[in-house]
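Single-letter residue listing:
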Amino acid sequence: MKKDISIHWFRQDLRIDDNPSLNHLSIKGIPVLLIFILDEVNTDRPIGEASKIWLNRALIDLNQQVKGKIMFFKGNPIIIFRNLLSKFNVKNISWNRCYEVWRINRDNDLKKFLTDKVDDVKSFNGSLLWEPWEVLKKDKSPYKVFTPYYQKGCLESKPPRKPITKKIEFFNHNFADYSIENLKLDPKKKWSLNILKEWEFSKNSISKVVENFFEFGIKNYKEGRNFPIKKNVSRLAPYIRWGQVSPHFLWHKCDQYKKKVSEQNLKTFKSQLGWREFSYYLLFHFPKITKKNLHSKFDKFPWISNKKIFNSWSRGLTGYPIVDAGMRELYLTGYMHNRVRMIVGSFLVKNLLHHWKFGENWFWNCLFDADIASNSASWQWVAGTGADAAPYFRIFNPIIQGKKFDPKGKYTKKYIPELRKLHIKYLFNPWDCPEEILQRNGIKLGKNYPFPIVDLKLSREKALSALLTLKEKTKEL
DNA sequence: TTTTGAGTTGTTCGA
DNA sequence: GTCGAACAACTCAAA
């Protein structure tokens, strides 16, 4: 006889705690079958290389948490569910929502397919503090500027739900042929083994990372988060992206630390969660942000595309030490400090005049926290093509930025060992250093560290004048 | 209804 | 050395 079960479909909510879909199924009183589907059929863009590696490790750990009870599938969900309906007496199916267009469409189709076959089919909000369609201006149109969106739209509406975890009985499927190996996510390249080194995956270790941040890093978050060598940033982005840590949990954790941490620091950290919300908000209301300039007047911008230049940027060989340090951090660790992300982004788009989509694609493949919403929205922000964009004349100067935010050069030297001996005075502009000093420190520009790939002043002026050509007004969003 | 001021992350120039 | 102004155009919300 077929068994009565409920099904929870894991997607970007790779956790048991504070999982609204699981909580919903817990009250049904029948065992919950856990499934994961790698859907490369419906997607318009497969997950990036680093994301594959992260997902693989996260799933292995999640499966351990539930004693190996997850069934892993690869393929088209609608076919997989049809198959499951033939094997079991499925009473309830639920999942937590995603917000990319292709997933929304796929899930809607699936829901239609399932409704007359299963009693209860529901989706929940497991990853956003505010649903994008619930936050609107007075005239019911969506916000396009962060501050009013966040201050007015979010903070003055109902507060995010508190994290809840319920006890659930998981169904033991006992099938041998639905193991995680079938997903073929297992990394083969040496690169993938190396970039995992600095990251934790077990539930306990992730908790420790969170605790550690709230006990130490967050205490000087507002100031310290700008300095890449300081330990004030949370580094939680990849965990949030894959749902190993819920934003709701972090939001309310801030409230628990009101006595220990100054309001300013808590507020700044919360607003970072707010930026993630804003990115998803934009993705939902303006789905084209993943591919096209939000402000289409930038379509006419005279971008260039040069493989050699792009490769120098991506491999950290531009000759601008702070840029190169960031790009190497990314390639070595699957992560880049936020301040440096802005510097390298500005450099690629404004100094090297490359379209943001090239940078976005590189980040997509290298970042553990690569998230279609944040990645697109942030690249558009830095490029000046997006919502709430930086003014076009805001072009980061990698020398000033280096001096300001890496004043002792520790971060830069960590990732550019060939400049380790160079005095801080010349660290961010080694080409200005007298030849004899370079020689004494073992540096031969053009040999073991590149000459600058572009002239800073000239490329800045070029970008500014190119931006001025966009003057004609085309109103579109 | 119209006006006004402000808006995550900057740089340069001239006083 | 420090400081303020200028570098657009547009969205939003308060006055």
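Description of the structure in this document. The model shown is predicted, which means the values in this text are computed figures rather than measured ones.

Moving on: unusual backbone geometry. Its identity is not glycine, yet Lys67 carries a phi of approximately 55°, on the positive side. In this structure, Lys67 sits in the loop between helix H2 (49–65) and strand S3 (70–74). Positive phi outside glycine occurs at Leu353, with the angle close to 55°. If you trace the backbone, Leu353 turns up in the loop between helix H14 (338–351) and helix H15 (356–366).

Counted according to the given criterion, the structure contains 46 aromatic pairs. Ring geometry for Trp313 versus Phe363: centroids 6.3 Å apart, planes at 15°, classification stacked. Residue Trp313 is located in helix H12 (residues 307–314), and its partner Phe363 is located in helix H15; the two are separated by 50 residues in the primary sequence. Lying over the aromatic face of Phe358, Lys357 brings its terminal NZ or CZ to 5.8 Å of the ring centre.

For DNA strand B, the set of nearby residues contains 18 residues, the closest of which are Thr147, Trp275, Met342, Trp381 and Asn397. Counting only the atoms of DNA strand B within 4 Å of the protein, the fraction contributed by sugar and phosphate is 59%. In the environment of DNA strand B, a base nitrogen lies 3.4 Å from a nitrogen or oxygen atom belonging to the side chain of Gln272. Within the contact set of DNA strand B, a base oxygen lies 3.4 Å away from a side-chain nitrogen or oxygen of Trp275. When contributions to the surface near DNA strand B are tallied by element, the ones reaching two or more residues are helix H5 (146–154), helix H11 (263–285), H14 and helix H17 (398–405). Considering every element that reaches the surface near DNA strand B, the biggest residue donor is H14, with three residues.

With that settled, the discussion passes to helix H16 (residues 372–383). Between its first and last C-alpha atoms H16 spans 16 Å; for 12 residues at 1.5 Å apiece the expected length is 16 Å, and the two agree. Here H16 lies mainly inside the structure; 10 of its 12 residues are buried. For H16, the secondary structure elements touched by its buried residues are H11, H12, H14 and H15. Where H16 starts, the residue carrying a side-chain oxygen 2.9 Å from the main-chain nitrogen of Ala373 turns out to be Asp371.

The buried fraction of strand S1 (residues 4–10) amounts to six of the seven residues, a majority that puts the element mostly inside the structure. Two elements, S1 and strand S4 (residues 89–96), share six bridges in a ladder whose sense is parallel. Residue pairing across strands places Asp4 opposite Asn89, the latter belonging to S4. When S1 meets strand S2 (residues 32–38), the two strands line up parallel, connected through five bridges. Counterpart to Phe10 in the pairing with S2 is Phe36. As a crossover connection, the stretch from S1 through helix H1 (residues 20–26) into S2 is right-handed.

A word on the pattern of salt bridges. All chains considered together, the criterion is met by 25 salt bridges. The partner of Arg276 in a salt bridge is Glu277, with the nearest N and O atoms 3.8 Å apart. A single burial state applies to Arg276 and to Glu277, both of which are buried. Shared partners join several salt bridges into a network, and the residues in it are Arg11, Asp39, Arg106 and Asp107.

Cut-off values and rules
- Residues numbered from 1 in each chain as written.
- Chains lettered and ligands numbered in written order.
- Predicted model: local features only at pLDDT ≥ 70, side-chain atom pairs only at ≥ 80, totals over all residues.
- Heavy atoms only, no water.
- Helix = DSSP H or I, 4+ residues; strand = E, 2+ residues; numbered from the N terminus.
- Phe/Tyr/Trp six-rings, centres within 6.5 Å; stacked < 30°, edge-to-face > 60°.
- Lys NZ or Arg CZ within 6 Å of the ring centre and 35° of its normal.
- Near = heavy atom within 4 Å.
- Polar contact = N/O pair within 3.5 Å; in protein donor to acceptor, adjacent residues only side chain to side chain.
- Expected span 1.5 Å × (residues − 1).
- Buried < 20%, exposed > 50% of the residue type's maximum accessible area, 1.4 Å probe, protein only.
- Contact = heavy atoms within 4.5 Å.
- Pairing = 2+ DSSP bridges.
- Right-handed = clockwise from strand over helix to strand, strands pointing away.
- Salt bridge = Lys/Arg side-chain N within 4 Å of Asp/Glu carboxyl O.

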